[in-house]
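Descriptive structure summary
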Amino acid sequence: MTYATLEWKAGQPFASAFQDVYFSSDNGLLETEYVFLQGNDLAQRWQQPALESFTIAETGFGTGLNFLCAAKLWLETAPEAAMLNFISAEKYPLTLADIKTALQLWSQLDTWSTPLLAQYATLIHTGTIRLYDNRVQLTLMRGDACEQLRQRHDDADAWFLDGFSPAKNPDMWQAALFEQMARLSHAGSTFATFTSAGMVRRGLMSAGFKVSKRKGFGKKREMLHGSWTEACHGN
Ligand SMILES: C[S@@+](CC[C@H](N)C(=O)[O-])C[C@H]1O[C@@H](n2cnc3c(N)ncnc32)[C@H](O)[C@@H]1O
């Protein structure tokens, strides 16, 4: 397995191979909450008493920050008996030492990151762990996002499209990825991403997603979010 090679810039992780950041240098945690949690309207969707389970699929697990923020919100808002199924593809996992250092930036997440770090080696080797009194199942699909998703049969309720900027990582943001997303989505499945790149917008639209723009986080002008709708499919 190839682990990520990191540099640390002002204490924040930076991917040498992609020349890109793992999260906004303004405030990664607020960025995650804004782009991925609010962008998929999760707080509202999870406050449903009848909710039994929910699946989030992510491209690019990275430092696990998106996962931790989602898990925290889930534990705070979803019914206690419900299960969050979080599946995330990662081509270049962080080493245990690096993910520990990265997550030290967020002491407010210690309650949730400590159990994750305790099981990180198991996650890397077995691919799946249960956390937080079995209320969350985390699956790490080790490898290219598109290739990994091709082998899955999940029913994704929300997508976190991370994975470095399309300009710096064009290999990931391909029509084939958007087609896999559509295959694993149902009417009402949502997505959110920090980028507003035209090829991402067009690719998602031709895969059947209704795409909207909203103000981006921090210095970013715009981001994309939306949902899969059968009516759009093939347009
Ligand atoms: C911006 S970082 C993700 C940040 C992450 N979501 C977090 O919470 O820290 C992008 C991640 O995508 C991964 N990645 C890049 N290309 C990929 C691909 N083709 N398939 C899967 N993961 C990929 C990188 O290794 C990196 O960890």
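Report follows, based on the coordinates. Per chain, residues are indexed from 1 in the order of the written sequence. With pLDDT at 70 or above as the cut-off, local features in this predicted model cover only qualifying residues; side-chain atom pairs require 80 or more to be listed or tallied, and sums for whole chains, interfaces and linings still use all residues. Note: side-chain values were computed over all heavy atoms of the structure, leaving out hydrogens and water.

**A look at the overall build of the protein**
Applicable threshold: Starting at the N terminus, helices and strands are each numbered in turn, a helix being any DSSP run of H or I of at least four residues and a strand any DSSP run of E of at least two. Here the globule rule is a power law, 2.2 Å times the number of residues to the power 0.38, and the radius of gyration is based on C-alpha atoms. For each residue, the accessible area found with a 1.4 Å probe, counting protein chains only, is set against the maximum for its type, and the residue is called buried under 20%, exposed over 50%, and partly exposed in between. The contact criterion used is simple: two residues touch if any of their non-hydrogen atoms lie within 4.5 Å. Computed with the Shrake-Rupley method and a 1.4 Å probe, the accessible areas treat only the protein chains shown as cover for residues. Neither His nor the chain ends contribute to the count of charged residues, in which Lys and Arg are positive and Asp and Glu negative. Here the site of a charge means atom NZ of a Lys, CZ of an Arg, CG of an Asp or CD of a Glu.
When you go through the protein residue by residue, the secondary structure sums to nine helices and 11 strands. For 235 residues, the compact-globule formula gives about 18 Å, and the C-alpha radius of gyration of the protein, at 17 Å, lands near that figure. Referenced to the eigenvectors of the C-alpha coordinate spread, the extents of the protein come out at roughly 45 × 40 × 35 Å. By the burial criterion, 55% of the 235 residues in the protein qualify as buried. Taking as baseline every contact in the protein between residues at least 6 positions apart, the subset at least 24 positions apart corresponds to 70%. About 10600 Å² of surface is accessible on the protein, with carbon and sulfur atoms providing 49% of the total. Within the protein, one finds 21 positive and 24 negative side-chain charges whose respective centroids are separated by 5 Å.

**Some thoughts on the pattern of salt bridges**
Cut-off, in case you're wondering: Note on definitions: salt bridges are taken to be side-chain nitrogens of Lys or Arg within 4 Å of carboxyl oxygens of Asp or Glu.
Counted under the stated rule, the structure contains four salt bridges. Measuring nitrogen to oxygen at the nearest pair gives 3.0 Å for the salt bridge that ties Asp26 to Lys219. Residue Asp26 is located in the loop between β3 (20-21) and α1 (28-38), and its partner Lys219 is located in the loop between β10 (209-215) and β11 (222-228); the two are separated by 193 residues in the primary sequence. Overall, Asp26 belongs to the partly exposed group, its relative accessible area being 41%. Between Lys213 and Glu222 there is a salt bridge, with its nearest N and O atoms 3.7 Å apart. When its relative accessible area of 23% is taken as the criterion, Glu222 is described as partly exposed.

**Remarks on the environment of Ala15**
With respect to the helices, strands and loops of the structure, Ala15 is situated in strand β2 (residues 12-15). In the structure, Ala15 is positioned 10 residues away from Thr5 in sequence and 6.3 Å away in space, judged by C-alpha atoms. Dropping the residues within four chain positions of it, Ala15 is found in contact with Thr5, Asp20, Tyr22 and Phe164.

**Some points on the site of the ligand**
Here is the rule we go by: The nearness test applies per residue and asks whether one of its heavy atoms lies within 4 Å of the molecule or strand. Here a polar contact is taken to be a pair of N or O atoms separated by no more than 3.5 Å, where protein atoms must pair a possible hydrogen donor with a possible acceptor and residues adjacent in sequence count only if both atoms sit in side chains.
Around the ligand, 23 residues are found, and the nearest of them are Gly60, Thr63, Glu90, Asp144 and Asp162. Within the side chain of Asn169, a nitrogen or oxygen atom sits 2.9 Å from a nitrogen atom of the ligand. For the ligand, whose accessible area on its own is 600 Å², the fraction buried by protein is 98%. Elements represented by at least two residues in the shell around the ligand include exactly α3 (65-77) and β5 (83-90).

**What about α3?**
Quick reminder of the rule: Expected helix span is computed as 1.5 Å times (number of residues minus one).
Between its first and last C-alpha atoms α3 spans 18 Å; for 13 residues at 1.5 Å apiece the expected length is 18 Å, and the two agree. Along α3, the residues that are buried comprise Leu65, Asn66, Phe67, Leu68, Cys69, Ala70, Ala71, Leu73 and Trp74.

**Comments concerning the pairing of β5**
The two faces of a sheet get side chains in turn, since along a regular strand they alternate between them. Note the threshold: Pairing between strands is defined by DSSP: at least two bridges between them are needed. Throughout, right-handed denotes a crossover for which the path from the first strand over the helix to the second runs clockwise when the strands point away from the viewer.
Counting buried positions along β5 yields seven of eight residues, so the element is predominantly enclosed. Here strand β4 (residues 53-59) runs beside β5; their pairing, made up of seven bridges, is parallel. Among the inter-strand pairings, Thr59 is bridged to a residue of β5, identified as Ala89. Once the chain exits β4 it traverses α3 before rejoining the sheet at β5, and the crossover so formed is right-handed.

**Overview of unusual backbone geometry**
Residue Ala10 is not a glycine yet carries a positive backbone phi of 50°. Tracing the backbone through its elements, the reader meets Ala10 in the loop between β1 (6-9) and β2. For Ala10, a relative accessible area of 83% corresponds to the exposed category. Even without being glycine, Phe164 reaches a positive phi, approximately 70°. Along the polypeptide, Phe164 turns up in the loop between β8 (156-161) and α8 (175-183).

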